[in-house]
Amino acid sequence: MLSFELTFMDFLLEHQERHGRTYHFLILMNSILNAAKRIQHYYLTGALRGNLGLAGCVNVQGENAMKLDQIANEVVKYYLSRSGRVIYAVSEEEEDLVSMNPSGRYFVYFDPMDGSSNIPHNLPVGFLFGIAKRNLEGPEDGHLRAGNEYIAAGMFVIPTGTFTIALKEAGCWRFHIDETMNYVKPTRLELPADRKSWELSFNSAHREYFSSGVRDWIERNEKKYQFRYLGALAGDFHRILTNGGLFLYPAIVNHPDPKKNYPNGKLRLMYEAAVVSFMCQEAGGSAVDEKGQPILSIKPSHQHQRTALYLGSKELVEEIAEVLKKQS
Ligand code: AHM
Ligand code: MG
């Protein structure tokens, strides 16, 4: 007997129909899926085609861009623009706001290839995206939205082939790529309450440079949990979503070379931290910044704004938020 899994697009169609929604979001999501599949292809063939190296230029973040950062950025821009549904996009790879269709309904914030240090090894990276809706009735309110205004956020782990998406007040769902390049088999994710599977995830090489409160918290807690760190947010967060625990990318404040401090954190708010925080909230978790404030309530003042990030199981986020509030 043949059996077939539900595809993401069928899942979304049914969801939109059930809630009496328009088809515009479907068209947008179709373009995002097309982009992800194409990125997946370029990533898998990267080593063979000589695409795993540096592009030979510095990106908007002042970092050496990789060829695949640029390829992925072009792919996402092409498909978003083609959907006709996006007015403006914000990309990690573009200094300026990317202007698309003046009558588009959505703002899209994306990091086309996150976790670039994994690229030369062909190890997992992420394509992260968040979506907010234009104010179609009232006065235009711009693209600088807090995460709690996103209507959806998701991530593809490439080339692993998983796609996780959170829809506002409708949960966080995971899909797996099948042999026909469809993402199938929706599974709803809820962070586990049982601490047995919880993990901590952070760049341990930086621990001396964290604030004293965070260092002490780590010292008190690290023996209680497993430690896992891939160095690509999508992959590290993927584990936390399933196993529970805490992902930390704290502010770097005590580096002996002051140029290497990141007092505002390293990760970007709009297309990294807010995306995963939105997903985490829909899975029953939460996330705060270096002051212990909810990530999702931060209204950005510029599109490439950075933030520290503490993300995962509510109890651990609340514990560390207390420490952070006390010291700030
Ligand atoms: P990128 O956008 O330059 O790839 O940087 C973001 C990545 C995240 O995916 C990951 O969580 C973090 O940087 C890892 O940083 P580090 O190498 O300092 O541990
Ligand atoms: Mg990134």
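Calculation criteria
- Numbering of residues starts from 1 in each chain and follows the order in which that chain's sequence is written.
- Chain A is the first chain written and ligand 1 is the first ligand written, with later ones labelled in order.
- Confidence filtering applies because this is a predicted model: local features only for residues at pLDDT of at least 70, side-chain atom pairs given and counted only at 80 or more, and all residues used for totals across whole chains, interfaces and linings.
- Put simply, a nonpolar core is buried Ala, Val, Leu, Ile, Met, Phe, Trp, Tyr and Cys residues tied into one set by C-beta atoms within 7 Å.
- Exposure classes come from backbone-placed C-beta atoms, where a residue is buried if 20 or more other C-beta atoms lie within 10 Å of its own, exposed if 12 or fewer do, and partly exposed in between.
- Each helix is a run of H or I in the DSSP string that is no shorter than four residues. Each strand is a run of E no shorter than two, and both are numbered from the N terminus.
- Those domain boundaries reflect an automatic or database domain assignment.
- By definition, residues are in contact whenever their C-beta atoms, placed on the basis of the backbone, come within 7 Å of each other.
- Contact assignment follows one rule, namely that a residue is near a molecule or strand if its backbone-placed C-beta atom lies within 6 Å of it.
- Throughout, the ten residues Ala, Val, Leu, Ile, Met, Phe, Trp, Tyr, Cys and Pro are labelled nonpolar, Asp, Glu, Lys and Arg are labelled charged, and all others, Gly among them, are labelled polar.
- By the convention used here, strands pair only if DSSP detects at least 2 bridges between them.
- In this analysis an axis means a line fitted to C-alpha atoms, helices contributing only their contacting stretch, and an angle means the value between N-to-C directions, from 0 to 180 degrees.
- Under this scheme an angle from 65 to 115 degrees is roughly perpendicular, one under 35 degrees roughly parallel, and one over 145 degrees roughly antiparallel; angles in between are oblique.
- Crossing handedness is read from the near helix: turned anticlockwise from the far helix by less than a right angle, it gives a left-handed crossing, and turned clockwise, a right-handed one.

Quick question: what am I supposed to make of the nonpolar core here?
As a rule of thumb, nonpolar side chains are buried together in soluble globular proteins. Among the nonpolar cores identified, the biggest contains 98 residues, and Val108, Phe127, Phe129 and Val275 are the most heavily contacted of them. In terms of residues, this core owes the most to one element, helix α7 (residues 269–282), which gives 10 residues. Residues from two domains meet in this core; each of domain 1 (8–189) and domain 2 (195–327) gives at least three. Those residues in contact with Val275, other than ones at most four positions away along the chain, are Leu128, Phe129, Gly130, Ala153 and Met155.

Explain the site of ligand 1 to me, please; I cannot follow it from the model alone.
Neighbouring ligand 1 are 13 residues; Asp114, Gly115, Ser116, Asn203 and Leu233 lie closest to it. Contributing elements (two or more residues each) for the shell around ligand 1: β5 (106–114) and α6 (233–243). For the shell around ligand 1, the class distribution of residues is three nonpolar, five polar and five charged. Taken domain by domain, the makeup of the shell around ligand 1 includes at least three residues from each of domain 1 (8–189) and domain 2 (195–327).

In this structure, what is going on with the sheet that holds strand β11 (residues 199–201)? I would like to understand it.
Overall, mixed pairing links the five strands, which are arranged β12-β11-β13-β17-β15 in an open sheet. Every interior strand has two partners, whereas the edge strands, β12 (226–227) and β15 (286–288), have only one. Bridge count between β15 and strand β17 (residues 309–312): three bridges; the pairing is antiparallel. Bridge pairing links Val288 to Tyr310 in β17. Across the face of the sheet, α6 comes into contact with β11, β13 (245–249) and β17 while running at roughly 160° to β11. Each of β13, β15 and β17 touches helix α8 (residues 314–327); the most contacted strand, β15, lies at about 15° to it.

Whenever I open this one, the packing of helix α5 (residues 212–221) against α8 confuses me. Can you help?
When two helices pack together, their arrangement is captured by the angle between the axes and the distance separating the axes. Interaxial distance between α5 and α8 falls to 9 Å at its minimum, and their mutual angle equals 155°. Considering their axes alone, α5 and α8 lie roughly antiparallel with respect to each other. Every pair of crossing elements has a handedness; the one defined by α5 and α8 is right-handed. On the side of α5, the interface is formed by Gly213, Val214 and Trp217, while α8 contributes Ile320, Val323, Leu324, Lys326 and Gln327. For the contact of α5 with α8, a count of residues per class yields five nonpolar, two polar and one charged.

Help me out: how do you make sense of the sheet that holds strand β6 (residues 125–133) in this one?
The strands making up a sheet are joined through hydrogen bonds of the backbone, oriented either antiparallel or parallel. Spatially, β4-β3-β5-β6-β7-β8-β9-β10 is the arrangement adopted by the eight strands of the open sheet, whose pairing is mixed. Both outer strands of the open sheet, β4 (98–99) and β10 (183–189), are each paired with one neighbouring strand and no more. The pairing of β5 with β6 spans seven bridges and is antiparallel. Opposite Phe107, over in β6, you have Ala132 as the bridge partner. Lying over the sheet, α6 contacts β5, β6, β7 (150–158), β8 (162–167) and β10, oriented at roughly 75° with respect to β6.

Without other data, these values stay purely geometric and don't point to any function.
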